[in-house]
Amino acid sequence: ELPKPASAPALTKDMIPSALQAWCADIAERMQVPLEFTVGPALVMIAGMIGRKIAIHPKQHDDWKVIPKLWGALIAPPGSMKSPAMGAVLKPLNTIAIKARDRYLEELKKKEKEEIIAKTEIEALKDALKYAVKQGEQDLVDAKKRDLETALARYEENHTIHERRYMMNDPTIEKLLTVLEGNPQGLLLYRDELSGWMETMFKSGREGDREFFLECWNGDSSYSMD
C-alpha cells in the first residue's frame, strides 16, 4: 500500500511578523481564505518596495551581500479566491503608485515651459558655435563649446525626469530595462496568472525572457542590451 501524501503544514498567526499579523489576518478572515493567501503576497510586495535600497551582509568581515528579493506564487484550485486576496494585499502599493504617477505628471507640466526655454538656449549656442567655426576664430569656438557643454549638462540634470515606478505586469524586456534605468532600486513584477507569464517566454521575439529573469534572480547584477 502506497503511503498517503503528507499535507503541507498550515501557517499560523504567530509565525507572521508582528507588524503584519493584524492586517493579513483581517483580510484572510473577511475573505475566508487561508492565511497563506495574504502573508505570501504581503512579504513579496514589501520586498519589492525595499528593492536594492537595503542589503543583508551574512558575514561580518566580507563584502558578500544579499538583496532581500522574493519570488512568490499562490497555487490553489480555480475559484479559491487567490486573485481577490492578492488584490486586497496590493491595495497600498497601488495607492502609492497612483500618487507617484500624479506627481510625475505634475512635474512634467512644471518642466514643460522651462524645457522650451532651455532648448531654445541650446539651439542658440549651437548657431553661435557654427558661426564661430565659419569665422575661424578659435578662441570664440572654444568659448562657445564650453557654453554649449555647460548648457547641455544643465539640461540633462534639470530636465530628465523619471517616473517612480513600483510595479509592472507584462513588460517587454526592452521596456523593463528602460524603466529600471530610472528606478535602480527595482520594482515588483505582478502577474495574476502565473501560467500566462510563463507562456509569454515562448512567444516569437521573446525567447530571451527566461534567461533575463533567471539572471535577475540575485537582484544585484547588471544587464545591458544593445
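Here the structure is shown first, and the text comes after it.
None of these values were measured; they are calculated from a predicted model.

(A) Broad picture of the packing of helix 2 (residues 36–50) against helix 3 (residues 82–89). The N-to-C vectors of helix 2 and helix 3 enclose an angle of 45°; their axes lie 9 Å apart at closest approach. Put simply, helix 2 runs oblique to helix 3. Of the two elements, helix 2 crosses helix 3, and the hand of that crossing is right-handed. Of the residues in helix 3, those touching helix 2 at Phe37, Thr38, Pro41, Ala42 and Met45 are Lys82, Ala85, Met86 and Val89. Across the contact of helix 2 with helix 3, the residue classes break down as 7 nonpolar, 1 polar and 1 charged.

(B) View of empty space enclosed by the protein. Considering all chains together, one arrives at 1 cavity of 30 Å³ or more under this definition. In this model, the largest cavity occupies a volume close to 30 Å³. Lining the largest cavity are Asn169, Asp170, Pro171, Leu189, Arg191, Trp197, Thr200, Arg206, Asp209 and Phe213. For the lining of the largest cavity, the secondary structure elements donating two or more residues are helix 7 (194–200) and helix 8 (209–215). Taken together, the residues of the lining of the largest cavity break down into 4 nonpolar, 2 polar and 4 charged.

(C) Summary view of the pattern of salt bridges. With the rule as written, the count across this model stands at 6 salt bridges. Note that lysine 126 and glutamate 123 form a salt bridge whose closest N and O atoms lie 3.8 Å from each other. Taken together, the residues lysine 126 and glutamate 123, both in helix 4 (residues 91–135) and 3 residues apart, mark about one turn of the helix. You can call lysine 126 partly exposed: its relative accessible area is 35%. What emerges from the salt-bridge pattern is a single network uniting Asp170, Arg191, Arg206 and Asp209.

(D) Examining the nonpolar core more closely. Leu35, Leu90, Leu93, Met167 and Leu188 are the most contacted members of the largest nonpolar core, which totals 24 residues. Mapped by element, the contributors of at least two residues to this core are helix 1 (18–31), helix 2, helix 3 and helix 4. The residues touching leucine 188, leaving out its near neighbours within four places in the chain, are Val44, Met45, Leu90, Leu93, Tyr166, Met167 and Met168.

(E) Spatial organisation of a nonpolar patch on the surface. Taken together, the side chains of Ile56, Trp64 and Val66 make up a nonpolar region of the molecular surface, amounting to roughly 270 Å² of accessible area. Here isoleucine 56 lies in the loop between helix 2 and helix 3. Given the relative accessible area of 47%, isoleucine 56 is considered partly exposed.

Cut-offs and rules
Residues numbered from 1 in each chain as written. Predicted model: local features only at pLDDT ≥ 70, side-chain atom pairs only at ≥ 80, totals over all residues. Heavy atoms only, no water. Axes fitted to C-alpha atoms, helices over the stretch in contact; angles between N-to-C directions. Helix = DSSP H or I, 4+ residues; strand = E, 2+ residues; numbered from the N terminus. Parallel < 35°, antiparallel > 145°, perpendicular 65-115°, else oblique. Left-handed = near helix turned anticlockwise from the far one by under 90°. Contact = heavy atoms within 4.5 Å. Nonpolar A, V, L, I, M, F, W, Y, C, P; charged D, E, K, R; others polar. 1 Å grid on protein atoms, 1.4 Å probe; cavity = no way out; pocket = protein on both sides within 12 Å on 5 of 7 lines; lining within 4 Å. Points joined across faces, edges and corners; volume = space filled by probe spheres on them. Salt bridge = Lys/Arg side-chain N within 4 Å of Asp/Glu carboxyl O. Buried < 20%, exposed > 50% of the residue type's maximum accessible area, 1.4 Å probe, protein only. Core = buried A, V, L, I, M, F, W, Y, C linked by side-chain atoms within 4.5 Å. Patch = residues over 30% accessible without salt bridge, like charges linked within 9 Å, V, L, I, M, F, W, Y side chains within 5 Å. Areas by Shrake-Rupley, 256 points an atom, 1.4 Å probe, with all protein chains shown as cover.

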